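Structural overview
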Amino acid sequence: MKLYTTYNTVITLTVLVGVLAFALAARSISTALIALPVVISAFLLFRKSLVTPLPRWTLNILLLASLLSLIRGFTGELSEVVPVVGQYIAYLQFIKLLESRTPRDQGQLIALSLILTIGSVLTSVTLDMGIMLIIYVPIVFTAIVLYQVLSGIYKESSARLNTTDTNLIAPVLLNEYLPAQATRSTRRLVATSTLAMLVIAGGVFVLIPRSVGEGFLGSLPQPRSRAVTGFNESIRLGSTTNINESQATVLEVKVIADINNPIVITPPDSRFLLRGSVLDYYDKKSKTWTRATSHTSDTITIGTGTFSEPPDTPAQPTRTRFSINIPITTGRNIFLPWWTVQLDIKDNHAFDFTRRTGTASLKQKKRSLNYTATAFIDQAGAFRVPQNFESTYLNAQSNQPNPFLDTRIQDLAQSIAPNLIAERDPALDTHPNDRRIAQAFVSYLEQTCRYTLAPPIVPADRDPIVYFLFTGREGHCEYFASALAALCRSVGIHARVVAGYVATEYDDQANAYIVRERHAHAWTDVRIGEGIWLELDPSPSESLASLHKPAPTVLSKLRDFIEAIDMFWIDSVVAFDDQRQADIFTQRSEDQWIDAVTEALETGSTEDAGEGASRIAAIAQAIAIALALLSFFILIRLVIKRVRTNQSQLPALASLPEYSTALSLLKEAGFEKPATTPPLIHADDIQQAAPTSAIHFRQIAIHNYSASLDPMHMPQPMQHHLDCLKDALQKERFQNDSRS
Amino acid sequence: MPTRVGIVYLSVTVFIGVGAVNAQNNLLFFLFGISLAAILISGFISGSMMMGIKVQRTIQTPVYAKSTVVCNYTIKNTNRFIPAFAITLTEHKLAATTNATSKPTRRFPLHAFIPYIPPDSELTTKIKLPSPPRGELTIDKLSITSTFPFGIVTKAITYTNQEQLLVRPAIHPIAPKAFSNAAGAGRSTTEDRRRKGQGLEFYALREFAHADSPKQVAWKASARAGTLLTKQHASPTPKTLTVILMLEPAAEHSELERRIESAASYIMTAAAKNYQVALEVPHFALSSKTTNPGTRAAGALLDILALIDLSAQLAATAPLPRTTGPSITLASSNA
C-alpha cells in the first residue's frame, strides 16, 4: 500500500462525507455543489504531490471571501448561527484541502471536519444524518490512523533532512509503502474499533439519564428531526410542495364513539377531522391563508392541563372521546375535533385554547404529547360558540377589505344558488339560507372539480382560487376549501379555512386511527347563524382516503421501506426519552424479555409478546440476518483467498509445457509429485528409486523455476532432458519392477 | 498522558456532553457516546500495543570523539495479534562523566520513527547520536512512545538502564610522509629478541622431520652433515615506536586535547603499519606499551588516552623519558 496515496483518498473522503452530511443537515445545496468539484480537484492535484500548486495569495483571497460570507450570513437569529458557522467551516476545509500537505494543516483539516460534524448534528437529527454519521465514523477513524503514521514519517524525515521544506520531504512520503500485512491490520483495526465504538456509544446513549438538566444553559434552536407534519400554520396556494405524502405517523387516535354508551362501536368507514389551525385571513398578493392575529381576546390560557366548557348547543349531541397520542411533536399544535368541550392533557402541560375557533396550542413545546379531547359530534356539524368572542372577530372582519369581491366569483356563486342568494339580505351577517347556500357550493365543487394531488401549475399572475374555479378545476383539499370559503365570502357569508388532519385509516390491531403525514387536510368553517359555525369539507369524501394515498409503484414501495426505517429511527433514537429509558429497565425482568423474545421468534408472531418484545424480536431477527450476511461474506472472502492462493502458486510452476509433460511422465511411472511438495524436493525423494530420472527431472524443474521467476531468463531446449527422462523412467521402472 | 490535541478533544467531548444534556438532542448523546468510546478504545489499543513492545539497544564500538555514534535498536512486538503502529523511539540525552570540552552538535532528544511492526515479529532501526566528547560517556534513558490511534493520549515506556561507553580521542589521518619523517624508518631491535617464526630471516637448522616440506631442506648443510637438515626461519621482528605525549599544565586545554588527538592518530597510524607502539605521558606518569603490533592492541593505548582527565592536578614539570627506538614527542613548539 502506498501510504500517501491511500491517505489522500481517505482524507478526501473524510472531507467529502463531512461536508455532504452538513449540506444534508442544513439543506444547503450550494455547499454540496461547491464541495464536489473542489474535493475532486484537490484529490487529483495532490495525488502525486504534497505541495500546493496555488500561490499563497490565492488561498488568502479565498480565506477572506469565506470570512466575508460568514459576516454576511449572520442575521442575528440564534437558529442561524450553527448553519452559518458550519458553512464557514466547510469553506475553511476546502481551503485547507488545497494547501500543502503538512502534518499541521492535515491535523487542522481533520479537526475542522470533526467540528463540522458536530455542527451537522446540532442542525439535524434525521435518519439521513444518522446514516451519514455511521458512514463518517470509520472513514475519519481511518484518516486519523493514517495521519498518525504519515505525520510521524514526515517529522522524522524533516529532522533527518534538517529541513521543513515540504518540497524536500515530499519524495520520502510519496515513496513510503506500508506492507500488505499493515494494510490488512489497519482494516481490521478500523473495523473492530468502529464496531466497538458503536456498541459503546449505544450503551452510553441508552444509559445517560434523560430529562435531567434540560435547558439549564438556555434553550437552543431545536435541530431538524424530519418529523415534519404535513399541515402548516398557513396555506400558500399555487405552491406545488404543500402536500406531504409521507407515511410517517403523526397521531394515534383512539375514539370512543359515545362515552355514555361505550358499547357503541365507531363505524369502520368513519372519518374525523382534527383541526390544528384556523385560517381566516387571505392575502391575495401572497396567495396565502393565515391566522388573523388582530383579535386574540378569545384565547384563554389554561395552566392546569384541563379545560372544560359545555357549549351552548341547540340540541343534545353525542359526546365522543378522542384519546390522542402525538409520538413526536414538531410544533405546539394540539389537534382537536370540532367542537371540543373538554380537554385533558397528560402531565398538566399549560396550553392556550381559542374558543372561537376550537383550537389549542401548548405554551411550551414538548417532545411528545398525550391528551384526551371530549367533543360533541353532531351530523349537522354546527355548534354555537360563545357569543362574546364573536363581536371582536366580526369587527375585525368588517374593517378588512373582502378579498373575494371578485365579480366572476360572485357571478359564479349567484349562478350556483340564485334563489337562495336572492332571498339573502346582504346587510345582515347571517341568514337562515346560509347553510343551504354553503351546501349548494359544496355540491357544485364536488361535481365540477376534480381532486388531485398534482394540481396544474397556476400562472404567477393569476389568483389560484379563481384559476381553480374557472380554468384548472383540479386541485387538492386546500383548493377545495379555499374555493368554498371564497364562494361563501363573495356573497357575504363568513367562512374560514381550517388546516389539520383527517383520520381515516383504522388499525384493527391497535384499535386506533393512525394519522400519517399524508393525511394532512384542509376544510372550511362556515358561519350559518349567530355564533354558529358549520364544519364543511368540500373535498370529494368518497375517495378522499384513497386519494391521499400515493399510487403503488416500485418507488412507493421503496419509499415505504425507507419511511419505515425513518420511523424506527425517529421512534428509537430521536424520540428516546426518560420514559422509554425507564421502560427498558423496569417494564420487564430479563427472563421475561428472553421468554417473550423466544416466543416471538418461535411463533413468528409478536402479537402476544407486547410492543417491547416485538421490537426486541425485530432487533434479534436483524442481528441474526446481519450475522448470516457476515458469515456469508467471510465465506466468500475465504473462497476468494483460496482461489487467489491457488492461482498464485500454480501458473508459475506449470508455465512450461516441458515441465507439465515431465510431471505427467512421472505420474505414469508411479512417481507422482504430491501437490504440496516442491519439485526439487520431489527430485530428491525419487533419487534413490530412480536416480537418472531424478537428475533429468531436476534440470527441467530448475529451468522451469528460472523461466517462471526470472523475466530475463533465456529459454533453453529442454527436449533433451525430457527424452532422457522418458528413457530413464522406462528403464528404472523396469528395474524396480523386476526387483520387486 | 493526554497530548495537547487530547486536551482539546476532552474539552470538546465535555462540550458535546453538556450540549446534549442541555438540548436533550439524542444524536448529540450518541455523538457523545462515540467520543467517549474513542477515548476508551484509544487507551485500550495503545495500552495493549505498548505492553507488547520490547526494545534492545546495542552500540557500535569502539566510539571515537568527533564522530557519530550509531545506536542500533531491536524492537520486538511480542503481541500475537495486535500490530504496533506509529512508534517513536527516543534517546533522551548523553552525559559525559569526564571533562568534556566539546558539546554535542545535535540537540536532544533524538527520535526514530517506526510506522509499523507486525504482530509477533521484530525489526531494527538506528539512531545516530551526536559527536560525543572524549572520555567516559553515559547514554541515559531510552523511551518508546506512541500517540496511536487518535493522538489523544501519549503512551510511553521508559528504559532507565544507563550504558557506559569509553570514547576514544578523535583520530585524524596522518600523511605517510609526515609519519615517516616523524617516526624515522624504524628498525628491528636486538638479536636476543629473535625467535623462530614465519619470517624470511634464517634462524637455525634442525633435523628433517617427516612432515617437513622438501623445499625447506638445506641441501648443502645436509650434504655436509650426512643427514637431512631443515632450515628454520626467524619470526619477523616488529618495528617499535614510542609516542611521548607532553601535557604541560601551562598549555591551553584545547591545545592539550589537540595533542591527545594527535597522539591517538600517531598510535593508530603506527599500529596500522604493524608497529609495536609505546605511550609515555610523563605529566601523568603513564607508561604503556602494546605487546603485539596491530590496531587491536593499540586500542588499549587509546583507552588510556580516553581516560586522561585534564582537569586533574598535573605535575608542573616532567622529564622527557628515555627511549631506545624511534619516538615521536608531542609537546609545545618551545618545549
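Cut-offs used in this document
Each chain has its residues counted from 1, following the order in which its sequence is written. Here chains are named by letter from A upward and ligands by number from 1 upward, in the order in which they appear as written. Reporting in this predicted model follows two pLDDT cut-offs: at least 70 for local features of residues, and 80 or more for side-chain atom pairs to be given and counted; totals over whole chains, interfaces and linings ignore these cut-offs and use all residues. Side-chain figures throughout are based on the complete set of non-hydrogen atoms in the structure, without hydrogens or water. Each helix corresponds to a stretch of at least 4 residues labelled H or I by DSSP, and each strand to a stretch of at least 2 residues labelled E; elements are numbered beginning at the N terminus. Only protein chains enter the calculation, and the probe is 1.4 Å; a residue is then buried if its accessible area is under 20% of its type maximum, exposed if over 50%, and partly exposed in between. We call two residues contacting when some pair of their heavy atoms lies within 4.5 Å. Computed with the Shrake-Rupley method and a 1.4 Å probe, the accessible areas treat only the protein chains shown as cover for residues. Pairing between strands is defined by DSSP: at least two bridges between them are needed. Only residues whose relative accessible area exceeds 30% and that form no salt bridge are eligible for patches; like-charged ones are grouped when within 9 Å, while nonpolar side chains (Val, Leu, Ile, Met, Phe, Trp, Tyr) are grouped when within 5 Å. Salt bridges are defined by distance alone: a side-chain nitrogen of Lys or Arg within 4 Å of a carboxyl oxygen of Asp or Glu. Residues scored as charged are limited to Lys and Arg (positive) and Asp and Glu (negative), so that His and the chain ends carry no count. Charge positions are represented by NZ for Lys, CZ for Arg, CG for Asp and CD for Glu. Known as pLDDT, the predictor's per-residue confidence is scaled from 0 to 100. Structural elements are reduced to axes, namely lines fitted to C-alpha atoms, with helices fitted over the stretch in contact, and the angle between N-to-C directions of any two is expressed from 0 to 180 degrees. Roughly parallel means an angle under 35 degrees; roughly antiparallel means over 145; roughly perpendicular covers 65 to 115; every other angle is labelled oblique. For this scheme, ten residues count as nonpolar: Ala, Val, Leu, Ile, Met, Phe, Trp, Tyr, Cys and Pro. Four count as charged, namely Asp, Glu, Lys and Arg, and the remainder, Gly too, count as polar.

For the rest of this paragraph, the subject is the overall build of chain B. Looking only at helices and strands, chain B features six helices and 17 strands. Residue burial in chain B is summarised as follows: out of 335 residues, 47% are buried. In chain B, the proportion of contacts linking residues at least 24 apart, taken out of those at least 6 apart, comes to 72%. Of the roughly 17,200 Å² of accessible surface on chain B, 56% is carried by carbon and sulfur atoms.

Here the focus is the sheet that holds strand 4 (residues 281–283) of chain A. Residues and elements named next belong to chain A. Strand order in the open sheet formed by three strands is 1-5-4, with antiparallel pairing between adjacent strands. Edge strands, defined here as strands with exactly one partner in the open sheet, are strand 1 (235–236) and strand 4. Where strand 4 meets strand 5 (residues 288–290), three bridges bridge the pair, whose relative direction is antiparallel. Paired with Y282 across the two strands is W289, which belongs to strand 5.

Time to look at a positive patch on the surface. All names here are of chain A. Taken together, the side chains of R184, R187, R188, R637 and K641 make up a positively charged region of the molecular surface. For the positive patch, the secondary structure elements donating two or more residues are helix 8 (180–207) and helix 19 (610–653). Per element, the largest residue contribution to the positive patch is three residues, and it comes from helix 8. Residue position: R637 is located in helix 19.

Residue and element names in this part refer to chain B. Mean pLDDT over chain B: 82, with 87% of residues reaching 70 or higher. Every residue in residues 185–192 is under pLDDT 50, and counting partners more than four places away or in other chains gives 10 contacts. Reported confidence for the predicted complex is 0.72 by ipTM and 0.59 by pTM.

Turning next to the pattern of salt bridges. All names here are of chain A. Scanning all chains against the criterion turns up 23 salt bridges over all chains. A salt bridge links R527 to E530, with the nearest nitrogen and oxygen atoms 3.5 Å apart. What makes E530 partly exposed here is its relative accessible area of 42%. A cluster of three or more residues bridged by salt bridges with shared partners is formed by R56, K96, E99 and D105.

With that settled, the discussion passes to the packing of helix 13 (residues 464–472) of chain A against helix 14 (residues 477–490) of chain A. Packed helices, taken two at a time, are described by the angle between their axes plus the distance between the axes. All names here are of chain A. Between helix 13 and helix 14, the shortest axis-to-axis distance is 9 Å and the interhelical angle comes to 95°. Our classification of the angle between helix 13 and helix 14 gives roughly perpendicular. Note on element contacts: helix 14 touches helix 13 through Y479, F480, S482, A483, A486 and L487, opposite P464, I465, F468 and L469. Class assignment of the residues belonging to the contact of helix 13 with helix 14 gives a composition of nine nonpolar, one polar and no charged.

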